[in-house]
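# Architecture and fold: a report
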Amino acid sequence: MNWADLNMIPAAPELFMLSAILLILLVDMCLSDEQRGITYGLSLLTLVGTAAVQLYTYTPYPVYTFSNMFVADPMGDIVKLAMYGTTFLVLVYTRQYVVERDIFKGEYFTLSLFALSGMNFMVSATHFVSLYIGLELLSLSLYALIAMQRDSIPATEAAMKYFVLGALASGLLLYGMSMVYGATGSLFLQDVAKAITGGSANHVLLVFGLVFIVAGLAFKLGAVPFHMWVPDVYQGSSTALAMMIGAAPKLAAFVFVLRILVQGLGPLVADWQGMLVIIAVLSMAIGNITAIAQTNVKRLLAYSTVSHMGFLLLGLIAGTPEGYSAALFYTVIYVLMSLVGFGILLALSRAGFECETLEDLKGLNQRNSWYAFLMLLAMFSMAGIPPLVGFYAKLAVIKAVVDIGLIWLAVVAVVMSLIGAFYYLRVVKYMYFDDKQDNSPIVVRGDMKLVLSVNAIALLVLGALPERLLVLCVEAMKQSLNAL
Amino acid sequence: MFENLLSLTVWTPIVAGILVLATGGDQRAPLARWIALAGALAGLAVSLPLYTGFDNLNGGMQFVEMKPWIDALNIHYHLGVDGISMLFIILNSFTTLMVVAAGWQVIEKRVAQYMAAFLIMSGLINGAFAALDAILFYVFFEGMLIPMYLIIGVWGGPRRVYASIKFFLYTLLGSLLMLVAFIYLYFQAGKSFDIMAFHDLKIALSTQVLLFIAFFLSFAVKVPMWPVHTWLPDAHVEAPTGGSMVLAAITLKIGAYGFLRFALPILPDASRELAPFIVALSLIAVVYIGLVALVQTDMKKLVAYSSISHMGFVTLGLFMFTGSHLNQWAVEGALVQMVSHGFVSAAMFFCIGVMYDRVHSRNIADYGGVVNKMPIFAAFMMLFAMANSGLPATSGFVGEFMVIMGAVQVNFWFAFAAASTLIFGAAYTLWMYKRVIFGDVGNDHVAEMKDVNKREFLILAILAITVLGMGLFPQAFVSKMHLAVNDLIAHVAQSKL
């Protein structure tokens, strides 16, 4: 490789972020526990700075670099910006919570940022190896983050489960990748696609590899039948970590899936479509039905995540640019909604008390009608009731499957979302219809209250005016996929 | 001045609702009430020009507004009314005013949220009637579930949780299938959600039948038709008085309106093929539910069942086909019945609410001899009971008479079965009236009842004038809907195969 020819500009945001993380590590060493706020501030600054670099280096077409192993394209850029925003929100929401639980340490921030850079590489990678490295950077950071609460048995158990199952999934993925490599002779996504289209690859071998890849991806997304880790990890980890796992990594995982299945194995669409249909239907069904039986809100949100992943896959199943952009839109909206849901749980938790069960939400409208309203917005949005934005997300993916003639799938999807509506309504019931049992005041930092309010109201505002975001997703997808 | 009239009718109540919410806790409840009243009055005021400015000789959509909304999905902010939907918007704005007044002193906890929920719902309902874009319609149609869910669940009776969730899920089931139907039609219509474009689509009969089933499930639950009516008695009984008034007066009408706006004109052939089925269900509703109403011991439940029975009349009237032609008498009768039932059922529920506020019971057996203590109230309720049983000179008579007239022309036995409602309706309503109002004072609670106060008197008087007015001058609104009905009949008569 000739260093003089190396174009670093497409990776500028990642390079900026990595340098900043190293700087934070250094600075944090010199800080006492009372000064930890500086690390917090620097982390937020890093996110803002990275976003600024991202916007500054934005190009409306894909740019390849690092021997074509890395790409900066509009789809990736949008997802990255969304991930910076998400991580920013997560750090703001969890600040008070982690302080109260004694994990307000330098590692908390650096590991979060390392996870984020891992996600960035997942989003930008165009080579099986760089994809895998990004995934592992994310996963290892998350395992460590969960295990940070080392005195908490549930958290340690969750970290262990996540680690073992995550390693298994990575293994499946790698095995599948090796099969594809064997069949096509390349690890570059574009070359894989070309080899398959060219017809020189052994189809049986390819499909064999594809099965493993799809299984590995389903693991990472948390889709049925590879979803068992999701509720356990959500419940065992602290709410802060559950929020972190449920937010930005879903965005990264979505692009990861899109890169591998569409950009790499796109010519095999007829083969993976059927697999995804099964996974999507099972995810929607099992996620929604099992969620009904949950009394723990974190588990409930975990199963709701599983069902949302099913909906998201509907967009991919369509195999059309409209479908992909619908799925992208769905993912972004899903993350926005889940941030509000977990944000409320964090706001209601305090030192020595975890807001975890449905009972803990009882009479929230009497205790604080504003938070109850914000949670109400999140719940109805997740249920897909207009005028909240969750409705347009569902509309977009259902439209995509109707477009390719899978009307039965659309009917299954709406029936499942009807079943799902029940448990979202039940959360609202606890907040609004029941009398309060807990009289302790809800103390929330002013900045978190403001950000959380904006976050939740965004669900309503985007519901009234979803046009901009939809167009953004459509355009980004169009420009990124045209380059194939 | 007329350019944004429909937008005003939609958004005035919603903005007022948000203002009411902003007043905050119950320490500022009086302020919340006055803002709510002002908002409801403003809502009615902006909807009245729809009536006065309406062109009777123009068969198309009027007061049309069309702006791009979500270009990415080709969804438009497209509003417009014909002679049918215009009447319901006014009915709705009127009912909202009554509801705000009805809850004035009765609702003591979380007043701002209560008033705001009704105002916001009122705006959403207006939107559903005015929407000419399928997704816009769907947004309003579904959006109104949220405030209603909260109204029943927060301010309702003992079994409110069960009732509210049942109400929500039942309604959602139907409407989700309708959404799939909309998306299917969107692709058929060349990627357009315009309802008017749907009207002109050619669709094969087998597809029409499937789409009809999707629409049917959505609207039949809303109407509600037998056998998917079971959410209604629960919801009506458990809802606070205002909630029952809005449910009976307005939301049920949206179901029937859906048949008019979607099922009939988009799927005329399937409608014709399946009309016997709808007619059968409607007659079952009229006769069987009428009998069910007879044996109720709970006043609210009785009126709820009578609503189902009356709505059976509406769906019967809408599906009276002779060959490929709908019967004009029947369709107009159904519409008159809808408007009339809106006023009468709201009045009946309000009357029950007035008694409930004093005795805190809905059981017929807990009353008796109310007339001795509340003579003015008894006189008003007499009028509404008569209207509910379809006495001539009240609004209730006109619609039923027209539907029966239409039914006779189609099939004598339909008319015969439908006409039984005149007997059953009179039986259950008047029998209840007799047991509650007449006789000796039944118990100590009744003995302590005080006659209506000024606020209640005003509401009752306004409702009474409307009911009588509609009975004596039905032409005032039949003339408005005439052309729209003619167009509908002409449209439905053309096969779309």
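Residues numbered from 1 in each chain as written. Chains lettered and ligands numbered in written order. Predicted model: local features only at pLDDT ≥ 70, side-chain atom pairs only at ≥ 80, totals over all residues. Heavy atoms only, no water.

## Side note on the overall build of chain A
Looking only at helices and strands, chain A features 20 helices and two strands. Taking 2.2 N^0.38 as the reference for a compact globule, 484 residues should give roughly 23 Å; the C-alpha atoms of chain A span a radius of gyration of 21 Å, in line with that estimate. Each principal axis of the C-alpha atoms in chain A carries an extent, and together these give about 70 × 60 × 40 Å. Taking all 484 residues of chain A together, the buried fraction comes to 65%. Long-range pairs, those at least 24 residues apart, make up 80% of the contacts in chain A between residues at least 6 apart in sequence. Per element, the accessible surface of chain A, about 16200 Å² overall, is 67% carbon and sulfur. A gap of 5 Å separates the mean positions of the 25 positive and 28 negative side-chain charges of chain A. (Helix = DSSP H or I, 4+ residues; strand = E, 2+ residues; numbered from the N terminus. Rg over C-alpha atoms; globule rule 2.2 N^0.38 Å. Buried < 20%, exposed > 50% of the residue type's maximum accessible area, 1.4 Å probe, protein only. Contact = heavy atoms within 4.5 Å. Areas by Shrake-Rupley, 256 points an atom, 1.4 Å probe, with all protein chains shown as cover. Lys, Arg positive; Asp, Glu negative; His and termini not counted. Charge placed at Lys NZ, Arg CZ, Asp CG, Glu CD.)

## Quick look at the overall build of chain B
In terms of helices and strands, chain B carries 21 helices and four strands. What you see for chain B is a C-alpha radius of gyration of 21 Å, in line with the 23 Å of a compact globule of 497 residues. Dimensions along the principal axes, computed over C-alpha positions, put chain B at roughly 65 × 55 × 40 Å. Burial status across chain B gives 66% buried among its 497 residues. In chain B, 81% of the contacts between residues at least 6 apart in sequence involve partners at least 24 apart. Entry remark: accessible area of chain B is about 15800 Å², with carbon and sulfur atoms responsible for 68%. Charge separation in chain B, taken as the distance between the mean sites of 26 positive and 26 negative side-chain charges, equals 6 Å.

## What about the packing of aromatic side chains?
Inspection of the entire model under this criterion finds 54 aromatic pairs over all chains. An angle of 85° between the planes, with centres 5.9 Å apart, marks the rings of A:Phe66 and A:Phe70 as edge-to-face. Judged by relative accessible area, A:Phe70 falls into the buried class, the value being 4%. Here B:Tyr114 and B:Trp155 contribute two aromatic rings whose centre-to-centre distance is 5.2 Å and whose plane-to-plane angle is 75°, an arrangement assigned as edge-to-face. (Phe/Tyr/Trp six-rings, centres within 6.5 Å; stacked < 30°, edge-to-face > 60°.)

## Quick word on the UniProt feature "domain: NADH:quinone oxidoreductase/Mrp antiporter transmembrane" (unreviewed entry) in chain B
Sites flagged by UniProt as "domain: NADH:quinone oxidoreductase/Mrp antiporter transmembrane" (unreviewed entry) map to residues 131-421 of chain B. Helix makes up 79% of residues 131-421 of chain B and strand 1%. Its end C-alpha atoms lie 34 Å apart. (UniProt positions renumbered as here; feature names shortened; annotations may be inferred.)

## Observations regarding the environment of A:Met416
Residues and elements named next belong to chain A. Assignment of secondary structure puts Met-416 in helix 18 (residues 407-432). Residues Met-416 and Ala-195, spaced 221 residues apart in sequence, show a C-alpha to C-alpha distance of 39 Å. Once residues lying within four places of it in the same chain are set aside, the contact partners of Met-416 are Met-284, Ala-285 and Asn-288.

## Topic: the pairing of strand 2 (residues 75-81) of chain B
All names here are of chain B. With six of its seven residues buried, strand 2 lies for the most part within the structure. Where strand 1 (residues 62-70) meets strand 2, six bridges bridge the pair, whose relative direction is antiparallel. Across the sheet, Lys-67 pairs through a bridge with Tyr-77, a residue of strand 2. Between strand 1 and strand 2, which pair antiparallel one after the other, the connecting turn spans four residues, and Asn-74 there sits at a positive phi close to 55°. (Pairing = 2+ DSSP bridges.)

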